[in-house]
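Each chain, written out:
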Amino acid sequence: MASSDESVSALFEKLGDCKHDYANISGDENLEKILKRQGEKLQFSCRCIKLKKKMFTTMKADRILVISEKALYNFRPSDNFKVHRWRLELYGIAGLVVSKESNECVVQLMSQKEGYRFQLGSCLHGFVETIANSFKYANEIELPLEVTEEKDLEVTE
């Protein structure tokens, strides 16, 4: 997997307040409690579709992704930020694969053979920028990033 200088060239000197709050959730009391327990601040949020291949079909689920300076969170919109589906420490990310053609990306994991596939729509650029910046802040290395022409990404196994 090749590193991309263009996506992470404008790294934050220091992470501050949320730069991309596409889901308009900044200030939500339940979310703030979850982040505060971890000593984190909201850096990014967006509504998206989580895609998961089951047999011969692709299952779709509405999700809200949240990035802090330490982790990536997956919430169901109906849970009102009282509980998260999962929290992934940024050091557990092996890389990111981004499609130029479909606004999809795959977050590849170090601890598992597969990753998480999302359809991010118009917030894809903000997601890539924020996760790359937060990853660099947390790990002091560049996030491995692959940009592909493929329209429908596959989660590698």
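Everything below is about the structure shown above.
Residues numbered from 1 in each chain as written. Predicted model: local features only at pLDDT ≥ 70, side-chain atom pairs only at ≥ 80, totals over all residues. Heavy atoms only, no water.

**Here's the deal with the nonpolar core**
Working step 1: Counting 27 residues, the largest nonpolar core has Leu72, Leu96, Val107, Phe118, Leu120, Phe127 and Ile131 as its most contacted members.
Working step 2: Going through the elements one at a time, strand S2 (42–54), strand S3 (57–68), strand S5 (86–89), strand S6 (93–99), strand S7 (104–109), strand S8 (115–119) and helix H3 (124–139) are the ones with two or more residues in this core.
Working step 3: Ranked by the residues each element gives to this core, the list is headed by H3, at six residues.
Working step 4: Core analysis: the second largest hydrophobic core is formed by 12 residues, Ala23, Ile25, Ala71 and Phe81 among them. (Core = buried A, V, L, I, M, F, W, Y, C linked by side-chain atoms within 4.5 Å. Buried < 20%, exposed > 50% of the residue type's maximum accessible area, 1.4 Å probe, protein only. Helix = DSSP H or I, 4+ residues; strand = E, 2+ residues; numbered from the N terminus.)

**Some points on helix H2 (residues 29–37)**
Count 3.6 residues to each turn of an α-helix, and residues three or four apart come out pointing the same way.
Working step 1: Taken as a whole, H2 has its buried residues at Leu31, Ile34 and Leu35. Considered in projection along H2, the buried side chains sweep an arc of 95° and stay on one side of the axis. Opposite the buried face of H2, by more than 90 degrees, sit the exposed residues Glu29, Lys36 and Arg37.
Working step 2: With a side-chain oxygen positioned 3.1 Å from the backbone nitrogen of Asn30, the residue opening H2 is Asp28.
Working step 3: Gly39 sits one or two residues past H2 and shows a positive phi near 70°. (Arc of directions from axis to C-beta. Polar contact = N/O pair within 3.5 Å; in protein donor to acceptor, adjacent residues only side chain to side chain.)

**A few points about the pairing of S6**
Working step 1: Within S6, six of the seven residues are buried, which leaves the element mostly enclosed by the surrounding structure.
Working step 2: Bridge count for S6 against S7 is five bridges, and the pairing is antiparallel. Note that in S7 the partner of Val97 across the bridge is Val106.
Working step 3: In textbook terms, the turn of a hairpin is the stretch between consecutive antiparallel strands, and for S6 and S7 this stretch comprises four residues, one of which, Asn103, has a positive phi near 60°.
Working step 4: Pairing of S6 with strand S9 (residues 145–148), which is carried by four bridges, proceeds in the parallel orientation. Counterpart to Ser99 in the pairing with S9 is Thr148. (Pairing = 2+ DSSP bridges.)

**What to know about the packing of aromatic side chains**
Working step 1: Inspection of the entire model under this criterion finds six aromatic pairs.
Working step 2: Taking the centre distance of 5.9 Å and the plane angle of 15° together, the rings of Tyr73 and Phe75 count as stacked. Side by side, Tyr73 and Phe75 carry an identical accessibility label, which is buried.
Working step 3: Relative to Phe81, the ring of Phe75 lies with its centre 5.0 Å away and its plane at 70°, an arrangement referred to as edge-to-face.
Working step 4: Given a relative accessible area of 0%, Phe75 falls into the buried group.
Working step 5: Three or more aromatic residues joined by ring pairs make a cluster, and in this case those are Tyr22, Phe44 and Phe127. (Phe/Tyr/Trp six-rings, centres within 6.5 Å; stacked < 30°, edge-to-face > 60°.)

**Observations regarding the environment of Tyr22**
Working step 1: Note on placement: Tyr22 falls in the loop between strand S1 (20–21) and H2.
Working step 2: It is 8.9 Å that separates the C-alpha atoms of Tyr22 and Gly126, two residues lying 104 residues apart in sequence.
Working step 3: Setting aside residues no more than four positions away along its own chain, Tyr22 makes contact with Phe44, Ser45, Cys46, Cys123 and Gly126. (Contact = heavy atoms within 4.5 Å.)

**A word on the side chain of Ser68**
Working step 1: Structurally, the position occupied by Ser68 is in strand S3.
Working step 2: Residue class for Ser68 comes out buried when judged on its relative accessible area of 0%.
Working step 3: A distance of 2.8 Å separates a polar atom in the side chain of Ser68 from a polar atom in the side chain of Glu40.
Working step 4: Filtering out sequence-adjacent residues up to four positions away, Ser68 remains in contact with Leu35, Glu40, Lys41, Gln43, Tyr73, Leu90 and Ser134.

The quantities given are spatial measurements derived from coordinates; they are silent on function.
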